[in-house]
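Inside the fold
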Amino acid sequence: MSEQTFVTPAEVVTSDPSFMRGHGTYQEGKDIVSAVAGVVEQVNKLVTVRPLRTRYGGEIGDVVVGRITEVAQKRWKVDVNARQDGVLLLSSVNLPGGVQRRKSESDELQMRKFFTEGDMVVAEAQAFFQDGAMSLHTRSLKYGKLRNGTLVVVPPSLVLRSRSHFHTIANSVEVILGLNGYIWVCKRATKAPEEMDPDELYANVNEDISNQERETIARVCNCLQALSKRLIPIDYTVLAFAYEASLDRETKELLEPEVIEAVTTEAVARAAMVNE
Amino acid sequence: MDRRRVQGPETSVVPFPLLDDAAPGVVAPPLQAGKRAGGRRPEDMRPIFLRTGLISQASGSAYIEMGRTKVACAVYGPRQIKKQQGFSEQGRLYCEFKFATFACKKRRNHQRDSQEKEFSQVIVQALTPSIRLEKLPKSVVDIYVTVVENDGTASCLAAAITAASTALADAGVEMIDLVAAASLAYQQRRPEGDAPTGENTREAGAADLVLAQMPSLGDVTHLLHRGPVDWAQMSRAVEQCIDVCAKIHAVMVHSLREHSAAEQ
């Protein structure tokens, strides 16, 4: 089997009975048949078909960025680009001020003071429920409500797992590479979360953002879009090089096909050099 | 009457008379013996243009043109089912089929009428057997079909089913096979494939047929027949449709493959 075989649904992947069928396939008599339009992948004797576009699957420990869609009983529903909404339990968030105690009924009544519908959050996947929905937590000062920035959506398979998903670019912009394909680009916080006022953690007001900061945010966003258009796996190294390579162009030029080509090619080449 | 929307004019005029075959001054080329407009044989369909991924916002999408029949289809999901709709072990398919207000000879309303609701139902029925819904508990897949131009209502429905199945494949939904659909109209009691608006209205008791099929498995998923015909004609028509479905399937595979090549 060649490495890049593209199959469509109902196309026979292999008739060799020694193979095991994996995701994206089904058995039809002796044949292993594709159930999705995608690329055949083989690990030892396991044959899978990876669809071109998928929703986010997720693993425990993943850093994800999501949007609150619903406030429910003792929990928030979070859109995390998965098949089902993620769940953020009231018991898995930090109280302002870092007080450690059980959440009472009064906390339940003022859940909207923490997160309301439409808020962006960064969280970690804590566990999975029986039905496959993801349980999230924000019990660290790294996680919590997102402000001062903008969201970029890329295919989830493009975001690489790495040691850290919180990065600073050009000393002025913070990037949170959510493994679910949601990437948050924002102004660098002036205060560390530990120094923040208890109420500030869940505040809904943006800080002042200067024009130059706005420009840098937009540039980083466009770099991400460019990388995603070329389907280049995104991690901090590639993004930083793409940002550097983009500096001699205007921000708005970055979405033109020729510029995308030039900038991403340079970024990939330089990232490959570093990784060696 | 809907007061929130700008009402279209009561009557419409063709902006470019030259483009309309029926306009005065335009002489359609004479038909060859045994052929239809455009030099088609009775069983031929019109050439198909099919492309995926045109609606970037959607999880998957497809746009299809067959002659002047133009249909756009967007698929969203699988996403979580709403609470009000209740729990379900299997995934659900939801379809909204809509003619654009300007798609037909007569202006359509913004609200879906009974025919559009029926077509939505037909699309769900035609696609459900192909999709592995047991893989998607608690989820729903939404399909939105918009007919931009209607040139043969039966052909619109067939094009919609074909486009929806392609869009589902584009969205990465697991299915056992693609579904291709073909339509035909009976012309002087003879089946003619993929008829545009003008061809089917000449005689009273006009009949047409839409057939959806999973070509690789050879299973028919839906058959919609309208009008009186006898058994022999009907079975000939069904066979003709099945042949056409195989051809449409090739086009669907080609467009999916092309799109994947473009993305890499």
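Rules behind the numbers
Residues numbered from 1 in each chain as written. Chains lettered and ligands numbered in written order. Predicted model: local features only at pLDDT ≥ 70, side-chain atom pairs only at ≥ 80, totals over all residues. Heavy atoms only, no water. UniProt positions renumbered as here; feature names shortened; annotations may be inferred. Helix = DSSP H or I, 4+ residues; strand = E, 2+ residues; numbered from the N terminus. Buried < 20%, exposed > 50% of the residue type's maximum accessible area, 1.4 Å probe, protein only. Contact = heavy atoms within 4.5 Å. Areas by Shrake-Rupley, 256 points an atom, 1.4 Å probe, with all protein chains shown as cover. Phe/Tyr/Trp six-rings, centres within 6.5 Å; stacked < 30°, edge-to-face > 60°. Lys NZ or Arg CZ within 6 Å of the ring centre and 35° of its normal. Domains from an automatic or database assignment. Salt bridge = Lys/Arg side-chain N within 4 Å of Asp/Glu carboxyl O. Polar contact = N/O pair within 3.5 Å; in protein donor to acceptor, adjacent residues only side chain to side chain. Nonpolar A, V, L, I, M, F, W, Y, C, P; charged D, E, K, R; others polar. Pairing = 2+ DSSP bridges. Axes fitted to C-alpha atoms, helices over the stretch in contact; angles between N-to-C directions.

For chain B, the name recorded in an unreviewed UniProt entry is Ribosomal protein S5 domain 2-type protein, with Thamnocephalis sphaerospora as its organism. What UniProt records for chain B under Sequence similarities (unreviewed entry) is the sentence "Belongs to the RNase PH family."

Going by what an unreviewed UniProt entry lists, chain A is known as S1 motif domain-containing protein and is assigned to Thamnocephalis sphaerospora. On record in UniProt, under Sequence similarities (unreviewed entry), the comment for chain A is "Belongs to the RRP4 family." Entered under Subcellular location (unreviewed entry) in the UniProt record, the comment concerning chain A runs "Nucleus".

1. Details of the overall build of chain B
When you go through chain B residue by residue, the secondary structure sums to three helices and nine strands. Along chain B, from the amino end to the carboxyl end, the secondary structure elements read β-β-β-β-α-β-α-β-β-β-β-α. Relative to its 264 residues, chain B shows a buried fraction of 50%. Considering only intrachain contacts with a sequence separation of at least 6, the fraction spanning at least 24 residues in chain B is 67%. Roughly 13,500 Å² of accessible area belongs to chain B as shown, and the carbon and sulfur atoms make up 55% of that amount.

2. Things to note about the packing of aromatic side chains
All names here are of chain A. Inspection of every chain in the model, using the stated rule, returns nine aromatic pairs over all chains. Judged by centre distance (6.1 Å) and plane angle (45 degrees), the ring pair of Tyr 143 and Phe 166 falls under tilted. Of this pair, Tyr 143 sits in the loop between strand E12 (134–138) and strand E13 (144–145) while Phe 166 sits in strand E15 (residues 166–169), and the two are 23 residues apart along the sequence. Its relative accessible area of 25% is what places Phe 166 among the partly exposed residues. One aromatic cluster is present, formed by Trp 76, Phe 114, Phe 115 and Tyr 202 through successive ring pairs. The ring of Phe 19 has Lys 45 lying over it, and the distance from NZ or CZ to the ring centre is 4.8 Å.

3. Description of the domain arrangement of chain A
Quoted interface sizes are often the accessible area lost when the parts come together. Taken domain by domain, chain A comprises domain 1 (5–51), domain 2 (63–201) and domain 3 (211–275). Relative to domain 2 of chain A, the C-alpha centre of domain 1 of chain A lies at a distance of 37 Å.

4. Thoughts on the interface of chain B and chain A
Taken together, the contact pairs 33 residues of chain B with 26 residues of chain A. Scanning the region where chain B abuts chain A turns up one salt bridge. A salt bridge links Arg 257 of chain B to Glu 11 of chain A, with the nearest nitrogen and oxygen atoms 3.5 Å apart. Put simply, chain B and chain A have eight residue pairs in polar contact (both at pLDDT 80 or more) between them. If you list the elements that add at least two residues to the side of chain B that touches chain A, you get strand E3 (69–80), helix H2 (153–170) and helix H3 (231–263) of chain B. By residue number, the principal contributor to the side of chain B that touches chain A is H3 of chain B, which donates six residues. Partitioning the side of chain B that touches chain A into residue classes produces 13 nonpolar, 11 polar and nine charged.

5. Some remarks on the sheet that holds E15 of chain A
All names here are of chain A. Here we have four strands laid out as an open sheet, ordered E14-E17-E16-E15, and antiparallel in their pairing. Whereas interior strands pair on both sides, the edge strands pair on one side only; in this sheet they are strand E14 (149–153) and E15. Averaged over neighbouring strand pairs, the angle between their axes works out to 25 degrees when direction is ignored. Running over the sheet, helix H3 (residues 211–229) touches E14, E15, strand E16 (173–177) and strand E17 (182–187) and is turned about 160 degrees from E17. Running at roughly 15 degrees to E15, helix H4 (residues 236–246) makes contact with E15 and E16 of the sheet.

6. Describing the pairing of strand E5 (residues 31–34) of chain A
Residues and elements named next belong to chain A. Of the pairings in the sheet, the one linking strand E2 (residues 12–14) to E5 comprises two bridges and is antiparallel in character. Within E5, the residue paired with Thr 14 across the bridge is Ile 32. Pairing analysis gives four bridges linking strand E4 (residues 25–28) to E5, with the strands arranged antiparallel. From the neighbouring strand, Tyr 26 faces E5, where its bridge partner is Val 33. In sequence, E4 turns back onto E5 through a hairpin of two residues, with Gly 29 there showing a positive phi of about 65 degrees.

7. Notes on the pairing of strand E9 (residues 75–79) of chain A
Residues and elements named next belong to chain A. When strand E8 (residues 63–72) meets E9, the two strands line up antiparallel, connected through five bridges. Paired with Ile 68 across the two strands is Val 78, which belongs to E9. The pairing of E9 with strand E10 (residues 86–93) spans four bridges and is antiparallel. Residue pairing for E10: Val 78 is matched across the bridge by Gly 86. What sits between the antiparallel neighbours E9 and E10 is a turn of six residues, in which Asn 81 has the positive phi angle 70 degrees.

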